[in-house]
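Given next are the chains, with one letter for each unit.
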Amino acid sequence: MDPTDNLKEVSAATVAFENDLKALILGAFADGAAIEGTWEITLPVNDAPNWTVEIAKVRTDVPTYDSEFIEE
């Protein structure tokens with residue numbers, strides 16, 4: 001077995017997770033759900049860890065201003 005096979009599988013699983021998460025957030029946002037917040041996820045499987053998930057909105061379209069033209 002090629003040692004990089006496991007890395008490829010992990011990478012593919014991570015990419016799939018990120019894509020699923022993006023789709024979930026986009027769909028929830030489009031439906032008007034309150035997305036921002038912190039959730040404690042308790043899994044029903046004893047050997048699986050529990051998770052804390054925090055989602056915060058980040059605006060990337062905030063206009064930048066040239067300070068030369070800002071009057072105090």
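Look above for the structure.
Parameters at a glance
- Residues numbered from 1 in each chain as written.
- Predicted model: local features only at pLDDT ≥ 70, side-chain atom pairs only at ≥ 80, totals over all residues.
- Heavy atoms only, no water.
- Helix = DSSP H or I, 4+ residues; strand = E, 2+ residues; numbered from the N terminus.
- Buried < 20%, exposed > 50% of the residue type's maximum accessible area, 1.4 Å probe, protein only.
- Patch = residues over 30% accessible without salt bridge, like charges linked within 9 Å, V, L, I, M, F, W, Y side chains within 5 Å.
- Areas by Shrake-Rupley, 256 points an atom, 1.4 Å probe, with all protein chains shown as cover.
- Salt bridge = Lys/Arg side-chain N within 4 Å of Asp/Glu carboxyl O.
- Contact = heavy atoms within 4.5 Å.

Asks: Where do I start with the overall build of the protein chain in this structure?
Replies: Of regular secondary structure, the protein chain possesses one helix and two strands. Split into buried and exposed, the 72 residues of the protein chain put 1% on the buried side.

Asks: Please explain a nonpolar patch on the surface as it appears in this structure.
Replies: Residues Trp39, Ile41, Leu43, Trp51 and Val53 make up a contiguous nonpolar surface patch of roughly 430 Å² in combined accessible area. Put simply, the parts of the chain that give the nonpolar patch at least two residues each are β1 (37-41) and β2 (51-55). Relative to the elements of secondary structure, Leu43 occurs in the loop between β1 and β2. Here Leu43 falls in the partly exposed class, since its relative accessible area comes to 34%.

Asks: So what exactly am I meant to see when it comes to the environment of Ile41 here?
Replies: With respect to the secondary-structure elements, Ile41 resides in strand β1. The sequence separation of Ile41 and Thr52 amounts to 11 residues, and the corresponding C-alpha distance is 6.0 Å. Beyond its immediate chain neighbours, meaning those up to four positions away, Ile41 contacts Asn50, Trp51 and Val53.

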